[in-house]
Amino acid sequence: SVTFAVIIRVFSGVDNTNVWDVTPSSLTFSSSTTGTTATAPSMTTITDGAMGILAFFTDGAPGYSSPTNGYGTEIETTVSQTIATYIRTFATSTTTGTSAATLGASNNWVAHQFALKPAAEGGVPNGTTGYKFFLAIGKFFWGIGKLMIQ
C-alpha cells in the first residue's frame, strides 16, 4: 500500500461566484524527474489583491525551503510523499515570473502556481461569519469547496 497526504488550507474574502483569479491548469504546472529546485511557470494575476498559491509535490520526503517571489506561510507534510504550499497576496495585477523552492535532496517533483480571486468591495469581510473557502491539495487531485460559517 501507498500512503498519500492531503493539505487543506482555508481562505475567507474569496469571490463567491468565481473563485479563481488564475485557474490551476497545464499552463500553471511543471514537473521534472530529478533536481533540487522545483519551479512553477509564470502566471498573470488579473485582480488586485489576488491570493497566490504555490504548491509542490514530491514522491520522496526531502522537504522544501526558500520559496521565491515573496511566497511564505508554508504548510508542509512529509508522509511518504512531500506536499508543500506557500501563499502571498499580490497587491496589484501582475505577471509573476517563475516561482521556485529548494528541495532537501534531488528528487522528482511537480510544481503549480495559481491564484484565488478576492471578493468584490462590499462583499463578506474576513470575519467570523460568511463564506469560507477551503482548498484541498493532494498528489492526484485538487478540490475547492465552500463552507458557510454562521
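Here's a quick rundown of the structure. (Residues numbered from 1 in each chain as written. Predicted model: local features only at pLDDT ≥ 70, side-chain atom pairs only at ≥ 80, totals over all residues. Heavy atoms only, no water.)

### Quick notes on the packing of aromatic side chains
Argument step 1. Tallied over the entire structure, the rule returns four aromatic pairs.
Argument step 2. A centroid spacing of 5.6 Å and a plane angle of 75° characterise the contact between Trp 20 and Phe 114, whose relative ring orientation is edge-to-face. Of this pair, Trp 20 sits in strand β2 (residues 20–22) while Phe 114 sits in strand β10 (residues 109–116), and the two are 94 residues apart along the sequence.
Argument step 3. In this structure Phe 114 comes out as buried when scored by relative accessible area, which is 0%.
Argument step 4. With a centroid separation of 6.1 Å and 70° between ring planes, the pair formed by Phe 56 and Tyr 86 is classed as edge-to-face. (Phe/Tyr/Trp six-rings, centres within 6.5 Å; stacked < 30°, edge-to-face > 60°. Helix = DSSP H or I, 4+ residues; strand = E, 2+ residues; numbered from the N terminus. Buried < 20%, exposed > 50% of the residue type's maximum accessible area, 1.4 Å probe, protein only.)

### Comments concerning unusual backbone geometry
For residues other than glycine, phi is negative in most cases, and the peptide bonds are mostly trans.
Argument step 1. A positive phi angle is found at Ser 66, which is not glycine, with a value near 55°.
Argument step 2. Within the element layout of this structure, Ser 66 appears in the loop between β6 (64–65) and β7 (72–79).

### Some words on the environment of Thr 58
Argument step 1. Relative to the assigned elements, Thr 58 resides in strand β5 (residues 50–58).
Argument step 2. Judged by its relative accessible area of 3%, Thr 58 falls in the buried class.
Argument step 3. Here the alpha-carbon distance between Thr 58 and Val 110, two residues 52 residues apart in the chain, equals 6.6 Å.
Argument step 4. Ignoring sequence-local partners within four residues, the contact set of Thr 58 consists of Tyr 64, Gln 81, Thr 82, Leu 103, Asn 107, Asn 108 and Trp 109. (Contact = heavy atoms within 4.5 Å.)

### Here we look at the sheet that holds strand β9 (residues 99–103)
Within a sheet, each strand pairs with its neighbour through backbone hydrogen bonds, oriented either parallel or antiparallel.
Argument step 1. Spatial strand order, β4-β9-β6: three strands in an open sheet with antiparallel pairing. The strands lining the two open edges of the sheet, one partner per strand, are β4 (37–40) and β6.
Argument step 2. Bridging between β6 and β9 involves two bridges; their strand directions are antiparallel. Bridge pairing links Tyr 64 to Leu 103 in β9. (Pairing = 2+ DSSP bridges.)

### Some thoughts on a nonpolar patch on the surface
Argument step 1. Together, Val 6, Ile 8 and Val 10 give the surface a local cluster of nonpolar side chains, amounting to about 280 Å² of exposed area.
Argument step 2. Among the structural elements, Ile 8 can be located in strand β1 (residues 6–12). (Patch = residues over 30% accessible without salt bridge, like charges linked within 9 Å, V, L, I, M, F, W, Y side chains within 5 Å. Areas by Shrake-Rupley, 256 points an atom, 1.4 Å probe, with all protein chains shown as cover. Salt bridge = Lys/Arg side-chain N within 4 Å of Asp/Glu carboxyl O.)

### Describing the nonpolar core
Argument step 1. Counting 17 residues, the largest nonpolar core has Phe 56, Tyr 64 and Tyr 86 as its most contacted members.
Argument step 2. Looking at this core, the elements with two or more residues in it are β4, β5, β8 (81–90), β9 and β10.
Argument step 3. One finds Phe 11, Val 19, Ile 53 and Leu 116 within the second-largest nonpolar core, a separate group that totals eight residues. (Core = buried A, V, L, I, M, F, W, Y, C linked by side-chain atoms within 4.5 Å.)

### Topic: the side chain of Gln 113
Argument step 1. When you line up the elements, Gln 113 lands in strand β10.
Argument step 2. Separated by 2.8 Å, the side chain of Gln 113 and the backbone oxygen of Pro 41 make a polar contact.
Argument step 3. Within the structure, Gln 113 has its side chain in polar contact with the side chain of Tyr 71 (distance 2.9 Å).
Argument step 4. Each residue touching Gln 113, except ones within four places of it in the same chain, is listed here: Thr 28, Ala 40, Pro 41, Ser 42, Met 43, Ile 53, Leu 54, Tyr 71, Thr 96, Gly 97 and Ser 99. (Polar contact = N/O pair within 3.5 Å; in protein donor to acceptor, adjacent residues only side chain to side chain.)

### A word on the pairing of β8
Argument step 1. Burial of β8 is extensive: eight of the 10 residues sit out of reach of the surface.
Argument step 2. When β5 meets β8, the two strands line up antiparallel, connected through nine bridges. Pairing of Phe 56 across the sheet is with Ala 84, part of β8.
Argument step 3. Where β7 meets β8, six bridges bridge the pair, whose relative direction is antiparallel. Counterpart to Thr 77 in the pairing with β8 is Ile 83.

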